[in-house]
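Per-entry structural report
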Amino acid sequence: MRIGHGYDVHRLVPDRKLILGGVDIPWEKGLLGHSDADVLTHALMDALLGAAALGDIGKLFPDNDPKYSGADSIELLKEVCRIIGDRGYSICNVDCTVLAQRPKLAPHIPFMRERLAGAMGLDAEQVSVKATTEEGLGFTGEGLGIAAHAVALIDKSK
Ligand code: MG
């Protein structure tokens, strides 16, 4: 078994969609990025790649490559799963935490879990998504951006 950690941040700006865990969340701002800027899915992909010691998504999907402009991060997650699957790994479980002051994410979490699990070929019970504010502190607390952490456990024994 191998464990990996991923972390990502994106800036919150007007006139962008807010997509977290593949779920389009109605909100006055969205995340800025070359792709759809799905910070949760990005952290998760880095955790999976990290567990397999295969680098990170910046290496795999460069943000200066026009191919990934506006990319659907769920499709990139499927590609990451193919890559680690090709190396003989299966995913045991993943656990993610989104750091956001607003909007309230709790109502959206079941949908994020389903969407991420579907992309990875897992059951929703293997996919944990949590959200926390940072009590108004720092850039997430001030609503300037959203950050996400993820850990993933993968296994080669099967
Ligand atoms: Mg990112």
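Bear in mind the structure is a predicted one, so any value in this text is a computation, not a measurement. (Residues numbered from 1 in each chain as written. Predicted model: local features only at pLDDT ≥ 70, side-chain atom pairs only at ≥ 80, totals over all residues. Heavy atoms only, no water.)

**Some points on a positive patch on the surface**
Our working rule: Residues enter patches when they are more than 30% accessible in relative terms and free of salt bridges; like-charged ones are connected within 9 Å and nonpolar ones (Val, Leu, Ile, Met, Phe, Trp, Tyr) within 5 Å. In short, Shrake-Rupley with a 1.4 Å probe defines the accessible areas, and a residue's cover is counted only from the protein chains shown. Any carboxyl oxygen of Asp or Glu within 4 Å of a side-chain nitrogen of Lys or Arg constitutes a salt bridge here. His residues and chain termini do not enter the charge count, which takes Lys and Arg as positive and Asp and Glu as negative. Taken as the charge centre is NZ of Lys, CZ of Arg, CG of Asp or CD of Glu, depending on the residue. Here a helix means four or more residues in a row that DSSP labels H or I, a strand means two or more in a row labelled E, and each is numbered from the N terminus. Exposure is judged per residue with a 1.4 Å probe applied to protein chains only, and the accessible area is read against the type maximum: over 50% gives exposed, under 20% gives buried, and values in between give partly exposed.
Positive charge collects at one region of the surface, where Arg2, Lys59, Arg87 and Lys156 lie side by side. Tracing the backbone through its elements, the reader meets lysine 156 in the segment after strand 7 (145–155). Taking the relative accessible area as the measure of exposure, lysine 156 reaches 49% and is therefore partly exposed.

**Here we look at the sheet that holds strand 7**
How we decide: Whether two strands pair comes down to DSSP finding at least two bridges between them. Lines fitted to C-alpha atoms define the axes here, with helix axes fitted over just the stretch in contact, and angles between the N-to-C directions of these axes take values from 0 to 180 degrees. Contacts were defined at the residue level, with two residues in contact if any of their heavy atoms lie within 4.5 Å.
Here we have five strands laid out as an open sheet, ordered 4-1-7-5-6, and mixed in their pairing. Each end of this open sheet is capped by a strand with a single partner; those strands are strand 4 (29–31) and strand 6 (127–132). Pairs of neighbouring strands in the sheet enclose a mean axial angle of 20 degrees, with direction left out of account. As defined by bridge partners, strand 5 (residues 90–99) adjoins strand 7 across nine bridges and the pair is classed as antiparallel. Bridge pairing links aspartate 95 to valine 151 in strand 7. On top of the sheet, helix 1 (residues 39–51) reaches strand 1 (2–14), strand 4, strand 5, strand 6 and strand 7; it is set at about 155 degrees to strand 1, its chief contact.

**Focus: a nonpolar patch on the surface**
On the surface, a cluster of nonpolar side chains totalling about 340 Å² of accessible area is made up of Tyr7, Val9, Phe139 and Leu144. Here phenylalanine 139 lies in helix 5 (residues 138–141). Here phenylalanine 139 falls in the partly exposed class, since its relative accessible area comes to 36%.

**Let's talk about the coordination of the magnesium ion**
Note the threshold: In this description, a donor is an N, O or S atom within 2.8 Å of the metal centre, a cutoff extended to 3.2 Å for sodium, potassium and calcium. Water is not part of the atom list, which can make sites seem incomplete.
Note on the magnesium ion: its protein donors are Asp8 (OD), His10 (NE2) and His42 (ND1). The metal-donor distances range over 2.1 to 2.2 Å. In this structure histidine 42 comes out as buried when scored by relative accessible area, which is 7%.

**Let's talk about the layout of surface pockets**
Cut-off, in case you're wondering: Throughout, the protein atoms alone are placed on a 1 Å grid, and a set of points is a cavity if a 1.4 Å probe fits but cannot get out or a pocket if it is open with protein on both sides within 12 Å along at least five of seven lines; lining residues have an atom within 4 Å of a point. Grid points are joined across faces, edges and corners, and a volume is the space filled by probe spheres set on the points. Residue polarity follows a fixed list, in which Ala, Val, Leu, Ile, Met, Phe, Trp, Tyr, Cys and Pro are nonpolar, Asp, Glu, Lys and Arg are charged, and the others, Gly among them, are polar.
Quantified by volume, the largest pocket comes out at close to 250 Å³. For the largest pocket, the lining is made up of 15 residues, of which His42, Ile57, Gly58, Phe61 and Asp63 are closest to its centre. Within the residue set of the lining of the largest pocket, elements represented by two or more residues are strand 1, helix 1 and helix 2 (57–60). Take the lining of the largest pocket: its biggest share by element is three residues, from helix 1. By residue class, the composition of the lining of the largest pocket is six nonpolar, six polar and three charged.

**Quick word on the nonpolar core**
The tendency in soluble globular proteins is for nonpolar side chains to be buried as a group. Under the convention used in this document: The definition of a nonpolar core used throughout is a set of buried Ala, Val, Leu, Ile, Met, Phe, Trp, Tyr and Cys residues joined through side-chain atoms within 4.5 Å.
If you look at the biggest cluster of nonpolar residues, it comprises 50 residues, and the most contacted ones within it are Leu20, Leu48 and Met120. Taken together, the elements giving at least two residues each to this core come down to strand 2 (18–20), strand 3 (23–25), helix 1, helix 3 (73–86), strand 5, helix 4 (109–120), strand 6 and strand 7. If sequence neighbours within four positions are ignored, leucine 48 has contacts with Leu77, Val80, Cys81, Ile84, Ile91, Val94, Met120, Ala152 and Ile154.

**Notes on the pairing of strand 7**
Judged by how many residues are buried, strand 7 sits mostly within the fold: eight of 11 residues are covered. The pairing of strand 1 with strand 7 spans 10 bridges and is classified as antiparallel. Considered in strand 7, the bridge of isoleucine 3 is made with leucine 153.

**Things to note about the environment of aspartate 155**
For aspartate 155, the position within the fold is in strand 7. Linking aspartate 155 and arginine 2, residues 153 residues apart in sequence, is a C-alpha distance of 6.4 Å. Among all residues touching aspartate 155, those that are not within four sequence positions of it are Met1, Gly88, Tyr89, Ser90 and Cys92.

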